[in-house]
Amino acid sequence: MAMCPICNSFKELEIYCSECSFRLEDSGKVSDFLDPYGHYNDQETVKMGDGYPNTAKDQICPHLMYCNNCGRNEVEFVQEE
């Protein structure tokens, strides 16, 4: 099973806001915001309900990114390894 390099602290995201160019803060997996108890489930089950149809098939992990400058939220899809 593939693992997200961001969730497992192998890498760090360096993404900039499309509105103001401020560096975005990684707020974690989108699924953590959708279901507060989702982390108790296995990742394949979580991916079936995360709202993105290809996360399980394409082995990607959607991360919620937040701009502390302008308040914009963006989703960054991270390729699992």
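Relevant structure appears above.
What counts as what
- Residues numbered from 1 in each chain as written.
- Predicted model: local features only at pLDDT ≥ 70, side-chain atom pairs only at ≥ 80, totals over all residues.
- Heavy atoms only, no water.
- Phe/Tyr/Trp six-rings, centres within 6.5 Å; stacked < 30°, edge-to-face > 60°.
- Helix = DSSP H or I, 4+ residues; strand = E, 2+ residues; numbered from the N terminus.
- Buried < 20%, exposed > 50% of the residue type's maximum accessible area, 1.4 Å probe, protein only.
- Contact = heavy atoms within 4.5 Å.
- Polar contact = N/O pair within 3.5 Å; in protein donor to acceptor, adjacent residues only side chain to side chain.

Draft legend 1. Fine view of the packing of aromatic side chains. Tallying each qualifying case throughout the model produces one aromatic pair. Taking 5.0 Å as the distance between ring centres and 85 degrees as the angle between the ring planes, the aromatic pair formed by Y52 and F77 counts as edge-to-face. In this pair, Y52 sits in the loop between α2 (43-48) and α3 (55-58) while F77 sits in strand β3 (residues 73-79), placing the two residues 25 residues apart along the sequence. Among the residues examined, F77 registers a relative accessible area of 39% and is labelled partly exposed.

Draft legend 2. Spotlight on the environment of E74. With respect to the element layout, E74 can be found in strand β3. Here the alpha-carbon distance between E74 and I15, two residues 59 residues apart in the chain, equals 9.8 Å. Not counting chain neighbours up to four residues away, the residues in contact with E74 comprise C17, S18, L24, H63, L64 and M65. One polar contact links E74 to R72, side chain to side chain, over a distance of 3.1 Å.

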